[in-house]
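Breakdown of the fold
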2 protein chains.
Amino acid sequence: MVKDAARTKARLLAAAIDEFAEYGMAGARVDRIAAAAKTNKQMIYSYFGNKDRLFDAAFSSYVGGSLNRVDFDASDLPAYAGRMFDHFERDPQTLRLSTWYWLERPDGPGLAAVAQLNRTRVQRLAEAQRAGLITDDLDPVALLVLIQSLTIAWASRTNPEFSGNRRLGRDRRRESVVTAVRRIVSRTADLQPA
Amino acid sequence: MVKDAARTKARLLAAAIDEFAEYGMAGARVDRIAAAAKTNKQMIYSYFGNKDRLFDAAFSSYVGGSLNRVDFDASDLPAYAGRMFDHFERDPQTLRLSTWYWLERPDGPGLAAVAQLNRTRVQRLAEAQRAGLITDDLDPVALLVLIQSLTIAWASRTNPEFSGNRRLGRDRRRESVVTAVRRIVSRTADLQPA
């Protein structure tokens, strides 16, 4: 029975991730989630309390897990940016979930796990700066925010009108992100032509 | 009477922009929009057809207008990025509207006016490259996408957890965007230390 409960809970989380990524918090329907998880609405209330808390659980398990899957390397940020690009191409749901969260809970507390991860990354960027590996023209917090925004540049289509333009292939999109990050993080001296 | 109709329509559009920026397409309520515009729901249907088409009208008038307010200068892209940063700080609704659009209509056609604007900008970037004003290491389409993503880096809080981190002041956030864009678009030779 305990095992059954764990399985039902896992199915509910998986179904919730799909539903929330597609429709957001307001648009998601608990009966669709229950049906996709082959259980009933009552189980959602008894395991998670309400739709909002189901979102929190789904968001935590998914975004937390997916962020940890990509290695952060402060001594090779262009390569890290390339891996993040791959991640968002492979798995558009992370960004959709985070974006719904931003729109629907602009003053939400965020995920403690992600906040902690970001703090660690900022520290590692500061260390890489002290070691002279990357530029110190930019504050480490700014570096992290700017790099993050470049890794999602092609995935977060806030300019959907680009579809009307000539499209670049996946390799050239990826290369553009790696190049941009290299130019931002490099010490000026390292950018000089050979 | 014609004047009254025009005024009612303008009030409805203004109320729709606020409502859609806050709640998105699915979450917006036409009765709230009608009440805020001091008219009734029937007017929305008779002027715009339905909620979806009201969104289109609001999105076009607002996003189209707001984009045109910021001068694009392919020969001074860091300054352009700074102006875009100011725009998004002053006016968070543009980005919220575009983001709802992306999430709620991932396959939507986009705005013809914005697509046209983007095509023109890509051409101007290509000209600036031919004139040797900016790097030609990056495709002009990629340049536009990457610059755009940097100008919204601080506004599109897809990393809400940053609020848990030390925050940078407005001037330093702005300066980080201008610096990043300068580093991305400069010809390598121009990045050499003095």
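Remember, predicted model here, so these are calculated numbers, not experimental data.

**Description of the packing of helix H7 (residues 112-130) of chain B against helix H8 (residues 140-151) of chain B**
Residue and element names in this part refer to chain B.
- H8 packs onto H7 with a crossing angle of 115° between their chain directions and a minimal axis gap of 8 Å. Classed by the angle they form, the pair H7 and H8 counts as roughly perpendicular. The hand of the H7/H8 crossing is right-handed. Residues Asn118, Arg121, Val122, Leu125, Ala126 and Gln129 of H7 lie in contact with H8, whose contacting residues are Pro140, Val141, Leu143 and Leu144.
- A class-by-class count of the residues in the contact of H7 with H8 yields seven nonpolar, two polar and one charged.

**Here's the deal with the relation of the copies chain A and chain B**
- Note on the identical chains: chain A maps onto chain B by a rotation of 180° and an axial translation of 0.0 Å, with an RMSD of 0.0 Å. As the rotation angle and translation indicate, the two copies are arranged about a two-fold axis.
- When the interface residues of chain A are mapped onto chain B, 100% of them again fall at the interface, so both copies present the same face.

**Overview of the interface of chain A and chain B**
- Across the boundary between the two partners, chain A contributes 59 residues, which contact 60 residues of chain B.
- A combined buried area of about 5600 Å² lies between chain A and chain B, and 64% of that area is made up of carbon and sulfur atoms.
- Here chain A and chain B share four salt bridges between them.
- In this structure, the salt-bridge partner of Asp137(B) is Arg183(A), at a minimum N-O distance of 3.3 Å.
- Between chain A and chain B we count 13 residue pairs in polar contact (both at pLDDT 80 or more) in total.
- Secondary-structure elements contributing two or more residues to the side of chain A that touches chain B are helix H6 (93-104), helix H7 (112-130), helix H8 (140-151) and helix H9 (170-185) of chain A.
- In the side of chain A that touches chain B, the residues fall into 31 nonpolar, 17 polar and 11 charged.

**Here we look at the side chain of Asp86(B)**
Residue and element names in this part refer to chain B.
- For Asp86, the position within the fold is in helix H5 (residues 77-90).
- Polar side-chain contacts of Asp86 include one of 2.8 Å to the side chain of Arg174.
- Not counting the four nearest positions on each side in its chain, Asp86 is found in contact with Arg170 and Arg174.

**Structural notes on the confidence of the model for chain A**
All names here are of chain A.
- For chain A, per-residue confidence averages 88 on the pLDDT scale, and residues scoring 70 or more make up 92% of the total.
- Within chain A, the lowest mean pLDDT, 85, falls on helix H4 (residues 51-68), and the highest, 96, falls on helix H2 (residues 30-36).
- For this predicted complex, the interface confidence comes out at an ipTM of 0.89, alongside a pTM of 0.90.

**Quick look at the pattern of salt bridges**
- All told, the structure shown has 20 salt bridges over all chains when counted by the stated rule.
- In this structure, Arg174(A) engages Asp86(A) in a salt bridge whose closest nitrogen and oxygen atoms are separated by 2.8 Å. Here the residue Arg174(A) occupies a position in helix H9, and Asp86(A) occupies one in helix H5 (residues 77-90), the gap between them amounting to 88 residues.
- Given a relative accessible area of 24%, Arg174(A) falls into the partly exposed group.
- Asp56(B) is paired through a salt bridge with Arg105(B); the nearest N and O atoms lie 2.9 Å apart. Residue Asp56(B) is located in helix H4 (residues 51-68), and its partner Arg105(B) is located in the loop between helix H6 (93-104) and H7; the two are separated by 49 residues in the primary sequence.

The rules behind these values
- Residues numbered from 1 in each chain as written.
- Chains lettered and ligands numbered in written order.
- Predicted model: local features only at pLDDT ≥ 70, side-chain atom pairs only at ≥ 80, totals over all residues.
- Heavy atoms only, no water.
- Axes fitted to C-alpha atoms, helices over the stretch in contact; angles between N-to-C directions.
- Helix = DSSP H or I, 4+ residues; strand = E, 2+ residues; numbered from the N terminus.
- Parallel < 35°, antiparallel > 145°, perpendicular 65-115°, else oblique.
- Left-handed = near helix turned anticlockwise from the far one by under 90°.
- Contact = heavy atoms within 4.5 Å.
- Nonpolar A, V, L, I, M, F, W, Y, C, P; charged D, E, K, R; others polar.
- Least-squares fit on C-alpha atoms with pLDDT ≥ 70 in both.
- Buried area = accessible area lost by both parts, 1.4 Å probe.
- Salt bridge = Lys/Arg side-chain N within 4 Å of Asp/Glu carboxyl O.
- Polar contact = N/O pair within 3.5 Å; in protein donor to acceptor, adjacent residues only side chain to side chain.
- pLDDT = per-residue confidence, 0-100.
- Buried < 20%, exposed > 50% of the residue type's maximum accessible area, 1.4 Å probe, protein only.

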